[in-house]
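Listed below are the residues making up each chain.
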Amino acid sequence: MIRAIIETNALLYAIAAVGMLGILCQFIISRRYGQLIREASDMQMEKKDFMKQLRYRYSTNRKRSNENVNISVFVRRYLMDYRYMRMNLHQWKRLAAGLFLVSMVSAGAGITYCFRAELPAVYLQNILWTAAGAAVCTGLTWLWTDMPYKASYLHTELEDYLHCFGAGKDYQEAEAAETEKTRFRAPAVIGMRKKDAASAETKAQRDKRELKANLAKIKEGSREAAADSEQRERSRELLRQMDSQEQERIIRDVLAEFLA
């Protein structure tokens, strides 16, 4: 059966297919790293689930640990727990490496069988060339994707973001606390101002009332003076209309009443 697999070139197709699957896994991981880096670098992250979960977990850990969080360890743990298509990033890397190893082991098994079964050299050469092509393509893909650098860059970007996020959050909390203090102080200040305004208004009203009272007194005195003047004039007119004897009698009666 193994001889039939080798002679029909099924082994070559299997080695190439498994190697291509490993390369595909590397591209998937590289693409996902690129997306996460863009999400971490983007300032408008309201719609990014990756960053939302990061901020939520970081805030929760800060509250649980009384603001003492090792950001480097937290980011490393978060990336370890992060899952993409039901596998974490480390599992994707292991899958790519495992597929490459499977293709190489299959090629090695085919070469070994060719030597033992003394098959024609063409089969051996085909297996060697296929295995070499899969290995070279896998290595070039690894160099092209440069996943170690992307993983390090993403880790650094998340650490920098959390440092800024934590500082910004502390500033917002301090500002909110200051606003809360000012809000509690405001009623007292407002009350004092209202009290001063009421005092000033009362004094102005008192001055106004005193002025009105004085004017009323002056006006009443003017009316009394006018009434006295009118009464005197009327008395003079009555005396002029009387005869001399009657005037003398009235004058004597008035003087007697005044001197009594």
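Rules of the game
Residues numbered from 1 in each chain as written. Predicted model: local features only at pLDDT ≥ 70, side-chain atom pairs only at ≥ 80, totals over all residues. Heavy atoms only, no water. Salt bridge = Lys/Arg side-chain N within 4 Å of Asp/Glu carboxyl O. Helix = DSSP H or I, 4+ residues; strand = E, 2+ residues; numbered from the N terminus. Buried < 20%, exposed > 50% of the residue type's maximum accessible area, 1.4 Å probe, protein only. Axes fitted to C-alpha atoms, helices over the stretch in contact; angles between N-to-C directions. Parallel < 35°, antiparallel > 145°, perpendicular 65-115°, else oblique. Left-handed = near helix turned anticlockwise from the far one by under 90°. Contact = heavy atoms within 4.5 Å. Nonpolar A, V, L, I, M, F, W, Y, C, P; charged D, E, K, R; others polar.

Draft legend 1. View of the pattern of salt bridges. Taken as a whole and judged by the stated rule, the model has 3 salt bridges. A salt bridge links Arg 3 to Glu 7, with the shortest nitrogen-to-oxygen separation between them at 2.9 Å. Of this pair, Arg 3 and Glu 7 both sit in helix α1 (residues 2-7), 4 residues apart, roughly one helical turn. Assessed through its relative accessible area of 37%, Arg 3 is described here as partly exposed. A relative accessible area of 36% places Glu 7 in the partly exposed class.

Draft legend 2. A look at the packing of helix α5 (residues 89-117) against helix α6 (residues 121-145). For the pair α5 and α6, the least separation of the axes is 9 Å and the interaxial angle reads 165°. Between α5 and α6, the crossing angle belongs to the class labelled roughly antiparallel. Read as a crossing pair, α5 and α6 show a hand that is left-handed. Each of Phe 100, Met 104, Ala 107, Gly 110, Ile 111, Cys 114 and Phe 115 in α5 lies in contact with α6, whose residues at this interface are Tyr 123, Leu 124, Ile 127, Leu 128, Ala 131, Ala 134, Ala 135 and Thr 138. Tallied by class, residues from the contact of α5 with α6 come to 13 nonpolar, 2 polar and no charged.

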